[in-house]
Amino acid sequence: MTLYFLVKYLHVLGAIVILGTGTGIAFFMLMAHLGGEAAFIARTAGVVVIADMLFTLSAVLLQPVTGGTLMWLSSTAVTERWLLTSLALYAIAGLFWVPVIFMQIELRDLARAADRSGEKLPRRYFTVFRRWFLCGIPGFGSVMAILWLMIAKPY
């Protein structure tokens, strides 16, 4: 096994973790939300926050390291358009992902408070959930586009 292959494997694995965790988090948060039960939302959001910090954050930090190493090992110029586009999309994904982390924490806390008090989910919960959902579209879409660019290298 060459160093290039090992680093490429780690880079692809990181992309898979980002996509898989993002898809799983979106699915489970949406299902909990649709159920409307504060206790279930609180438990789900609690696990989601941990998963995002453990898996997504690790992969997000790994990607630039492995990507930069792949560039160096393959003598790929940072000025290649597919790579510049990927880097711009990575920044866009990050700009949407970072606030989502804080939204998930707030959703968890709002659901926990509603569960403890026995009251309905507050209006703020629904406002934050809509923002969370809307941020996921460009954030996840950017990651999907990056994956395509990594594979196709169209220009």
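See above for the structure.
Notes on the structure follow. Here the structure is a predicted model, which means the values were calculated and not measured. (Residues numbered from 1 in each chain as written. Predicted model: local features only at pLDDT ≥ 70, side-chain atom pairs only at ≥ 80, totals over all residues. Heavy atoms only, no water.)

### Some points on unusual backbone geometry
One non-glycine residue, Ser 75, adopts positive backbone phi at about 55°. Taking relative accessible area as the criterion, Ser 75 reaches 66% and is therefore assigned exposed. Positive phi values are uncommon outside glycine, yet Lys 153 reaches one of about 40°. Note on placement: Lys 153 falls in the segment after helix H4 (123–152). Owing to a relative accessible area of 44%, Lys 153 belongs among the partly exposed residues under this scheme. (Buried < 20%, exposed > 50% of the residue type's maximum accessible area, 1.4 Å probe, protein only. Helix = DSSP H or I, 4+ residues; strand = E, 2+ residues; numbered from the N terminus.)

### Some words on the pattern of salt bridges
Two side chains that carry opposite charge are able to pair once their charged atoms sit near each other. For the coordinates displayed, the defined rule picks out 2 salt bridges. Across the pair Arg 124 and Glu 106 runs a salt bridge whose closest N-O atoms are separated by 2.6 Å. Of the two residues, Arg 124 is situated in helix H4 and Glu 106 in helix H3 (residues 81–117); the sequence distance between them amounts to 18 residues. Arg 124 gets classed as partly exposed once you look at its relative accessible area, which sits at 37%. Residue class for Glu 106 comes out partly exposed when judged on its relative accessible area of 25%. Two residues, Arg 108 and Asp 109, come together in a salt bridge whose shortest N-O distance is 2.9 Å. The exposure class of Asp 109 is partly exposed, given its relative accessible area of 35%. (Salt bridge = Lys/Arg side-chain N within 4 Å of Asp/Glu carboxyl O.)

### A few points about the environment of Leu 95
Relative to the assigned elements, Leu 95 resides in helix H3. Measuring from C-alpha to C-alpha, the distance between Leu 95 and Pro 138 comes to 9.7 Å, with 43 residues separating the pair along the chain.

### Side note on the packing of helix H2 (residues 38–74) against H3
Following both chains from N to C, one finds H2 and H3 inclined at 160°, their axes separated by 9 Å at the closest point. By the angle class used here, H2 and H3 are roughly antiparallel. Here the hand of the crossing between H2 and H3 comes out left-handed. Broken down by class, the residue content of the contact of H2 with H3 amounts to 19 nonpolar, 4 polar and 4 charged. (Axes fitted to C-alpha atoms, helices over the stretch in contact; angles between N-to-C directions. Parallel < 35°, antiparallel > 145°, perpendicular 65-115°, else oblique. Left-handed = near helix turned anticlockwise from the far one by under 90°. Nonpolar A, V, L, I, M, F, W, Y, C, P; charged D, E, K, R; others polar.)

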